[in-house]
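Residue-level structure breakdown
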Amino acid sequence: MTPEQVIRHLRRANEVAKRAMANGHHPFGAVLVAPDGDTVLAEQCNVDTVNHAESVLARTAALNYSTDYLWQCTLVTTFEPCAMCAATAYWAHIGCVVYGASEEKLLDLTGKHADNPTLNMPCRQVFASGQKAVEVVGPVPELEAELLALHAGFWSPSKSV
């Protein structure tokens with residue numbers, strides 16, 4: 001995808017994250033982009049602490065598209081996929097992952113919040129452990145502040161979803 005397409009799709013994923021938050025879920029969003037780099041095939045917000053936006057989207061995509069087609073697709077997500085989500089994207093045969101802000105930045109926001117006990121394992125490390133090369137793009141510095149802003153105050157110790 002071009003840098004402009006990356007920005008556009010990250011902003012759309014952030015809109016999905018805003019809807020998630022408005023509906024009482026953690027503010028994470030993901031979109032699946034077709035091989036043309038323009039068409040959004042699906043979008044998914046965070047469901048709960050086990051059904052993250054990226055993993056639900058990857059499982060749904062695997063049910064609906066062939067592995068050859070998914071290998072040409074891109075999963076675009078607001079934050080770096082956790083180990084579970086990266087592994088699910090890997091097993092779904094999604095060939096590229098784009099994320100806006102790093103897991104480290106998320107940990108800075110969430111701290112030791114019980115609803116997000118962040119794993120310190122970069123998605124690149126998860127993919128490197130596999131037998132196929134998943135392309136990873138991220139973080140995207142020009143959007144980081146915009147993506148982090150949605151989370152400001154959400155993870156305060158008294159807040160629990």
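One can find the structure itself at the top, above this paragraph.
Since this is a predicted model, take the numbers as computed values, not measurements.

The rules we used
Residues numbered from 1 in each chain as written. Predicted model: local features only at pLDDT ≥ 70, side-chain atom pairs only at ≥ 80, totals over all residues. Heavy atoms only, no water. Salt bridge = Lys/Arg side-chain N within 4 Å of Asp/Glu carboxyl O. Helix = DSSP H or I, 4+ residues; strand = E, 2+ residues; numbered from the N terminus. Buried < 20%, exposed > 50% of the residue type's maximum accessible area, 1.4 Å probe, protein only.

Observations regarding the pattern of salt bridges
- This model, assessed by the stated rule, comprises 5 salt bridges.
- In this structure, arginine 8 engages aspartate 38 in a salt bridge whose closest nitrogen and oxygen atoms are separated by 2.7 Å. You can see arginine 8 sitting in helix H1 (residues 3-22) and its partner aspartate 38 sitting in the loop between strand S1 (29-33) and strand S2 (40-45), a full 30 residues away along the chain.
- For arginine 8, a relative accessible area of 41% corresponds to the partly exposed category.
- Of the charged contacts in the structure, one is a salt bridge between arginine 12 and glutamate 43, with a shortest N-O distance of 2.9 Å. Placement of arginine 12 in helix H1 and of glutamate 43 in strand S2 is noted, with a sequence separation of 31 residues between them.
- By relative accessible area, which is 39% here, arginine 12 ends up partly exposed.
- Each of the salt bridges in this network shares a partner with another, and the network as a whole consists of Arg12, Arg19 and Glu43.

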